[in-house]
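# Working through the structure, step by step
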Amino acid sequence: MSVSIRLSRGGAKKRPYYKIVVSNSRAPRDGKYLEQVGTYNPVLAKEDENRVRLVEDRVRYWLGVGAQPTDRVARLLDKAGIKERAATVNPNKAEPGKKAKDRAEEKAEKLREAEEAAAAAAAAPAEEAPADAAAEESTEA
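Keep in mind that what you see is a predicted model, and the values were worked out from it rather than measured.

### Examining helix 2 (residues 71-80)
- All buried positions along helix 2 are accounted for by V73, A74, L76 and L77. Looking down the long axis of helix 2, one finds its buried residues gathered within 160° of arc, a one-sided arrangement.
- At the C-terminal side of helix 2, G81 shows a positive phi close to 85°.

### Here we look at unusual backbone geometry
- Residues other than glycine seldom take positive phi values, yet K14 does so here, at roughly 65°.
- Note on placement: K14 falls in the loop between strand 1 (3-12) and strand 2 (15-24).

### Brief notes about the nonpolar core
- In this structure, I5, L7, I20, V22, V37, W62 and V73 are the most contacted members of the largest nonpolar core, which totals 14 residues.
- For this core, the secondary-structure elements that each account for two or more residues are strand 1, strand 2, strand 3 (35-40), helix 1 (56-64) and helix 2.
- In contact with L7, other than residues within four places in its own chain, are Y18, K19, I20, R29, Y40, R72, V73 and L76.

### Observations regarding the pairing of strand 3
- Here strand 3 lies mainly inside the structure; five of its six residues are buried.
- For strand 2 and strand 3, the ladder comprises five bridges, and the chain directions are antiparallel. Among the inter-strand pairings, I20 is bridged to a residue of strand 3, identified as G38.
- Bridge count between strand 3 and strand 4 (residues 52-54): three bridges; the pairing is antiparallel. Note that in strand 4 the partner of T39 across the bridge is R53.

Cut-offs used in this document
- Residues numbered from 1 in each chain as written.
- Predicted model: local features only at pLDDT ≥ 70, side-chain atom pairs only at ≥ 80, totals over all residues.
- Heavy atoms only, no water.
- Buried < 20%, exposed > 50% of the residue type's maximum accessible area, 1.4 Å probe, protein only.
- Helix = DSSP H or I, 4+ residues; strand = E, 2+ residues; numbered from the N terminus.
- Arc of directions from axis to C-beta.
- Core = buried A, V, L, I, M, F, W, Y, C linked by side-chain atoms within 4.5 Å.
- Contact = heavy atoms within 4.5 Å.
- Pairing = 2+ DSSP bridges.

Listed below in structure tokens is the structure:
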């Protein structure tokens, strides 16, 4: 049986409150668990001491027998100084997706075409103006 240390949600709608529990990894999120080893209240301020409460010796025991913490619990354990977590780096996180890139290219192409058309329109009347004036003079005479 694989065991994980994870969050079990409680609290009202839009007012989350989590228990930090040790459970079978196949059990439902809010289902049966082996032991509650702490609580996490994200509504409280980050500097509040009651935001995260852990029973440190039980957490260390479960880590010692092979329980795997989820990513969020690993962050909490790292802040508490119980288990060090390697920092993750995702250099592509801020990069837009393929469709967004395609839309940006199409928009840039349309803008370029509009600028070229405006430049051509600005250049064409300047060249045609003297020709039009000469044509008008010849029709008047």
